[in-house]
Amino acid sequence: MRAAARYTWLMPSKLDQAAIDQKLKEIPAWSLVDGKLHRELKFDDFVQAFGFMSKVAIVAEKMDHHPEWFNVYSTVKIDLNTHDVGGLSQLDFDLAQRIDGLV
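Just so you know, these numbers come straight off a predicted model, no measurement behind them.

Would you explain the pairing of strand β4 (residues 75–80) in this entry?
Strand residues, when the strand is regular, have side chains that alternate between the two faces of the sheet. Relative to β4, strand β2 (residues 36–42) runs antiparallel, the two being bridged by 6 bridges. Its bridge partner being in β4, Arg39 is matched across the sheet by Ile78. Both strand β3 (residues 68–72) and β4 contribute to a ladder of 5 bridges, which runs antiparallel. Considered in β4, the bridge of Trp69 is made with Ile78. A loop of 2 residues connects β3 with β4, the two strands running antiparallel in sequence, and Tyr73 in this loop sits at a positive phi of about 45°.

Written as structure tokens, this is what we have:
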């Protein structure tokens, strides 16, 4: 079974602020910016930054949960939220942890 199938049958629910605050402790490299999980990463060069983004893209596609991101040369900025629920869900924290594992 593909990972996406595991996630797609679950309807994510919006987390309340207490749950978000608790879960943020588990991913210290991330912050809450404009209601989204945010992380900025710096790499040595564009090839490393783009390689990292390619790895994240594969994970995100398998989860069927895709980041909002921005890349300029060696910098990658990532924002996560669940559009379907109008805020943050467990999917965002799961993806953030998977991204952390690729850094």
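So that's the structure; there's more coming.
Where do I start with the sheet that holds β4 in this structure?
Within a sheet, neighbouring strands are paired by backbone hydrogen bonds and run either parallel or antiparallel to one another. If you walk across this open sheet you meet the 4 strands as β1-β2-β4-β3, and the pairing is antiparallel. In this open sheet, the two edge strands, each paired with only one partner strand, are β1 (31–33) and β3. Adjacent strand axes in the sheet meet at a mean angle of 30°, parallel and antiparallel pairs treated alike. Across the sheet, helix α4 (residues 90–102) is in contact with β2 and β4; its angle to β4 comes to roughly 155°.

Quick notes on the rules
- Residues numbered from 1 in each chain as written.
- Predicted model: local features only at pLDDT ≥ 70, side-chain atom pairs only at ≥ 80, totals over all residues.
- Heavy atoms only, no water.
- Pairing = 2+ DSSP bridges.
- Helix = DSSP H or I, 4+ residues; strand = E, 2+ residues; numbered from the N terminus.
- Axes fitted to C-alpha atoms, helices over the stretch in contact; angles between N-to-C directions.
- Contact = heavy atoms within 4.5 Å.

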